[in-house]
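Chain residues, written in single-letter form:
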Amino acid sequence: MTKLSWTGFSKKTPHERLEHLTSNALLSHEDKEILNSKGLELATANQMAENVLSTLSLPFALAPDFQVNGKDYQLPMVTEEPSVVAAASYAAKLIKRSGGFKTEIHNRLMIGQVALFDVADKATASQAILNQKADLLDLANQAHPSILKRGGGSRDLWFEEKSDFLIVYLSVDTQEAMGANMVNTMMETLVPNLEELSGGQSLMAILSNYATESLVTATAAVDLRYLSRNKEEAQLFAKKMEMASQLAQVDPYRAATHNKGIFNGVDALVLATGNDWRAIEAGAHAYASRDDQYRGLSTWTYDKESQQIKGEITLPLPIATKGGSIGLNPTVQVAHDLLGNPSAKELAGLIAALGLAQNFAALKALTSTGIQAGHMKLQAKSLALLAGAKEDQVASLVSQLLKEKHMNLETAEKLLKKL
Ligand code: NDP
């Protein structure tokens, strides 16, 4: 079998890129038609939210050639930010040449909680709840019996005393769904029994987005020779990348930006696959603060022995392939098709890998050329488009803009007039 080449993919037109995908059997003709159409119909959008007026489009791009656990994937990315897809693709290329990504799914359970207050004797209440644990797990399953048929269902029940609250937690295997609605239903079903057993009252019963039972780890290494052809310079970059990763562990100001870079990738794939990005963001930022200080979600270490820079990321990723709005948006379905319709666990691994790739590219740029060098060209392109340049004018306007001392919209408009 001949090896599929991605060289020059970024230079192609959108039409040529689609041709490349269909001619290599990575995209069906039906899916190509969907990508060429308007995507989400207004009538469908009107069913998804309230007071709908229209739909909002965003670029739907592709970061090709991610090797994850020995398999090649092309990752769809929905993002409005220039340079994000280019950075991810660049990192994926170096990581593939150095052995690819490895991912590990630690677990895939959702957690729900019932917060009880006015519990007179928390120790007695806890014991009473514990005595009924099996029945309570059963009751939760009866609230959403279809998940049992799919191999999921409630798994464990435990509690913690926090301030005035006795909080009861339930973990649930929600299979291919994110599980918010099914867990919420289960938690509400448990309320009368928990109130009776504890003698207290329920303040609320809902899923938690702090998905500590859905952790996913991705690891990757990059050979030093890909950091620079000059060995000493490559070693210096590797040391600086390690230091940059340490900085994000000790300084929340840096950690927030470090993690923003990770989410440039994570959100783009979460959005493309129709997942709830607010849920993923909330859970991951809570996880970044798990030891009471907000820290970077990834780490990089310089391994002198193997002459590699090694990265690792762990994120809570309760990702779905079914439910929510996933089946409603045709472009989202194309994203799943492009990925080969992975399971929720497999998809979560790909999302973690993309976050790590994005983080590698950002740290590499920051500790070598600086972030602006790569950004300025894309910034010039955005300005050219904003100024109203036509497709055939963009390239020459960009090259003129890059020579200017002050690159702004006013300059872009002046130069465009001259063109
Ligand atoms: P749904 O309510 O859509 O439930 C999942 C659906 O997927 C069910 O209808 C289920 O069918 C179906 N399904 C088909 N195949 C499978 C399978 N293999 N495994 C599991 N389910 C399958 O979605 P969720 O309960 O997942 O909730 C997610 C939605 O809730 C998102 O839109 C999210 O934005 C929103 N939400 C989020 C909250 C939060 O994050 N805090 C709070 C409230 C809502 P069946 O019923 O037959 O099993």
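Being a predicted model, the structure only gives us computed values, none of them experimental.

1. Quick look at the overall build of the protein
Inference 1: Regarding its fold elements, the protein presents 16 helices and 10 strands.
Inference 2: Across its three principal directions, the C-alpha atoms of the protein cover 80 × 55 × 50 Å.
Inference 3: Residue burial in the protein is summarised as follows: out of 419 residues, 46% are buried.
Inference 4: For the protein, long-range pairs separated by at least 24 residues make up 69% of all intrachain contacts whose partners lie at least 6 apart in sequence.
Inference 5: Split by element, the accessible area of the protein, about 21300 Å² in all, is 52% carbon and sulfur.
Inference 6: Considering the protein, the positive charge centre built from 41 side chains and the negative charge centre built from 46 side chains are found 12 Å apart.

2. Here we look at helix α5 (residues 122-131)
Inference 1: Considered for burial, the residues of α5 that qualify are Lys122, Ala125, Ser126 and Ile129. Down the axis of α5, the buried side of the element spans an arc of 100 degrees, and every buried residue falls inside it. Seen from the open side of α5, the exposed residues pointing more than 90 degrees away from its buried face are Ala123 and Asn131.
Inference 2: Each element contacted by the buried residues of α5 is listed here: β4 (110-117), α6 (133-143), β5 (153-162), β6 (165-173) and α8 (180-198).
Inference 3: Between a side-chain oxygen at the N-terminus of α5 and the backbone nitrogen of Ala123 the separation is 3.2 Å; the capping residue is Asp121.

3. Overview of the environment of Thr212
Inference 1: In this fold, Thr212 is placed in the loop between β7 (201-208) and β8 (215-223).
Inference 2: A relative accessible area of 30% places Thr212 in the partly exposed class.

4. Overview of the packing of aromatic side chains
Inference 1: Scanning all chains against the criterion turns up four aromatic pairs.
Inference 2: For the ring pair Trp6 and Phe9, a centre distance of 5.0 Å and an interplane angle of 80 degrees mean the geometry is edge-to-face. Here Trp6 matches Phe9 in class, with each residue buried.
Inference 3: Each ring, one from Phe66 and one from Phe101, has its centre 5.5 Å from the other, and the planes form 10 degrees; the classification is stacked. Remark: Phe101 occurs in the loop between α4 (84-97) and β3 (102-105) and Phe66 occurs in strand β1 (residues 60-68); sequence separation between them is 35 residues.

5. Thoughts on helix α16 (residues 409-418)
Inference 1: Among all positions in α16, only Thr411, Ala412, Leu415 and Leu416 are buried. Axial view of α16: buried residues confined to an arc of 135 degrees, hence all on one face. Pointing more than 90 degrees away from the buried face of α16 are the exposed residues Glu410, Lys414 and Lys417.

6. Here we look at the pattern of salt bridges
Inference 1: Counted by the stated rule, this structure contains 13 salt bridges.
Inference 2: One salt bridge connects Glu346 with Lys71, and the closest N-O pair in it is separated by 3.4 Å. Residue Glu346 is located in helix α13 (residues 344-367), and its partner Lys71 is located in strand β2 (residues 71-78); the two are separated by 275 residues in the primary sequence.
Inference 3: The exposure class assigned to Glu346 is partly exposed, which follows from its relative accessible area of 27%.
Inference 4: Here Lys260 and Glu81 are joined by a salt bridge, their closest N and O atoms 2.7 Å apart. Of this pair, Lys260 sits in helix α10 (residues 252-272) while Glu81 is found in the loop between β2 and α4, placing the two residues 179 residues apart along the sequence.
Inference 5: With relative accessibility at 23%, the residue Glu81 sits in the partly exposed group.
Inference 6: In the salt-bridge network here, residues are joined through shared partners; they are Asp65, Asp72 and Lys96.

7. Re the domain arrangement of the protein
Inference 1: Here the domain parsing of the protein yields domain 1 (9-105 + 223-368), domain 2 (110-208) and domain 3 (373-418).
Inference 2: Computed from C-alpha atoms alone, the centre-to-centre distance between domain 1 and domain 2 is 34 Å.
Inference 3: On the side of domain 2, five residues touch domain 1, which itself brings eight residues to the contact.
Inference 4: When domain 1 packs against domain 2, close to 510 Å² is buried across both sides, 61% of that on carbon and sulfur atoms.
Inference 5: Our count for the contact surface shared by domain 1 and domain 2 stands at zero salt bridges.
Inference 6: Joining domain 1 to domain 2, the criterion identifies three residue pairs in polar contact (both at pLDDT 80 or more).

Cut-offs and rules
Residues numbered from 1 in each chain as written. Predicted model: local features only at pLDDT ≥ 70, side-chain atom pairs only at ≥ 80, totals over all residues. Heavy atoms only, no water. Helix = DSSP H or I, 4+ residues; strand = E, 2+ residues; numbered from the N terminus. Buried < 20%, exposed > 50% of the residue type's maximum accessible area, 1.4 Å probe, protein only. Contact = heavy atoms within 4.5 Å. Areas by Shrake-Rupley, 256 points an atom, 1.4 Å probe, with all protein chains shown as cover. Lys, Arg positive; Asp, Glu negative; His and termini not counted. Charge placed at Lys NZ, Arg CZ, Asp CG, Glu CD. Arc of directions from axis to C-beta. Polar contact = N/O pair within 3.5 Å; in protein donor to acceptor, adjacent residues only side chain to side chain. Phe/Tyr/Trp six-rings, centres within 6.5 Å; stacked < 30°, edge-to-face > 60°. Salt bridge = Lys/Arg side-chain N within 4 Å of Asp/Glu carboxyl O. Domains from an automatic or database assignment. Buried area = accessible area lost by both parts, 1.4 Å probe.

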